[in-house]
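In case you want the letters, here they are:
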Amino acid sequence: MLGLVLAGDSPSGIAILPPAFALDGPDARQRLFVTAVREGASAGLVAAGEVTLRSADESVVRVVGGHAVAVSDGETELLATAAD
């Protein structure tokens, strides 16, 4: 069982969706979305090329093609940053 704590939860900026989830099993994966947040409300999805998603601990979860993919038991954060 894998627990996830997601970064990027702010009144304005971006947020990763779903905001929390668990991956159970070696083939577990979760599709991720990034939404713009303005004044605490969703302002629409952010295009894949505009943001980079990564795991704070890739020994627990890797981000591959917009999916969180289980690697081992544990807990980590997912981080979203503006693409270069």
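Residues numbered from 1 in each chain as written. Predicted model: local features only at pLDDT ≥ 70, side-chain atom pairs only at ≥ 80, totals over all residues. Heavy atoms only, no water.

Peer 1: Would you mind showing me how to read the sheet that holds strand β9 (residues 67–70) here?
Peer 2: Adjacent strands of a sheet pair through backbone hydrogen bonds, lying either parallel or antiparallel. With respect to topology, three strands assemble into an open sheet ordered β4-β9-β8, the strand pairing being antiparallel. Every interior strand has two partners, whereas the edge strands, β4 (29–31) and β8 (61–64), have only one. Direction aside, neighbouring strands of the sheet carry axes that sit 20° apart on average. Examined bridge by bridge, β4 and β9 share three bridges and lie antiparallel to one another. The residue bridging Gln30 from the neighbouring strand is Ala68, located in β9. (Pairing = 2+ DSSP bridges. Helix = DSSP H or I, 4+ residues; strand = E, 2+ residues; numbered from the N terminus. Axes fitted to C-alpha atoms, helices over the stretch in contact; angles between N-to-C directions.)

Peer 1: Mind showing me how you'd approach a nonpolar patch on the surface here?
Peer 2: A contiguous nonpolar surface patch, about 280 Å² in accessible area, is contributed by Leu17, Phe33 and Leu45. Mapped onto the elements of the fold, Leu17 is located in strand β2 (residues 13–17). Residue classification places Leu17 among the partly exposed positions, given a relative accessible area of 33%. (Patch = residues over 30% accessible without salt bridge, like charges linked within 9 Å, V, L, I, M, F, W, Y side chains within 5 Å. Areas by Shrake-Rupley, 256 points an atom, 1.4 Å probe, with all protein chains shown as cover. Salt bridge = Lys/Arg side-chain N within 4 Å of Asp/Glu carboxyl O. Buried < 20%, exposed > 50% of the residue type's maximum accessible area, 1.4 Å probe, protein only.)

Peer 1: Looking at this structure, I do not really get the sheet that holds strand β5 (residues 33–38). What am I missing?
Peer 2: A sheet is described by the order of its strands in space; here three strands give the open sequence β2-β5-β6, paired in antiparallel fashion. Each edge of the open sheet is held by one strand with a lone partner, namely β2 and β6 (41–45). With strand direction ignored, the average angle separating the axes of adjacent strands in the sheet is 40°. Bridge analysis of β5 against β6 gives three bridges, and the strand direction is antiparallel. What sits directly across from Thr35, in β6, is Leu45.

Peer 1: Would you mind showing me how to read the confidence of the model for the protein here?
Peer 2: Detailed reading of the predicted coordinates is not advisable wherever pLDDT falls low. On average, the protein scores 84 in pLDDT, and the residues at 70 or more come to 85%. Low pLDDT (under 50) marks residues 1–10, which in the prediction has 40 contacts with non-local residues, meaning those over four places away or in another chain. (pLDDT = per-residue confidence, 0-100. Contact = heavy atoms within 4.5 Å.)

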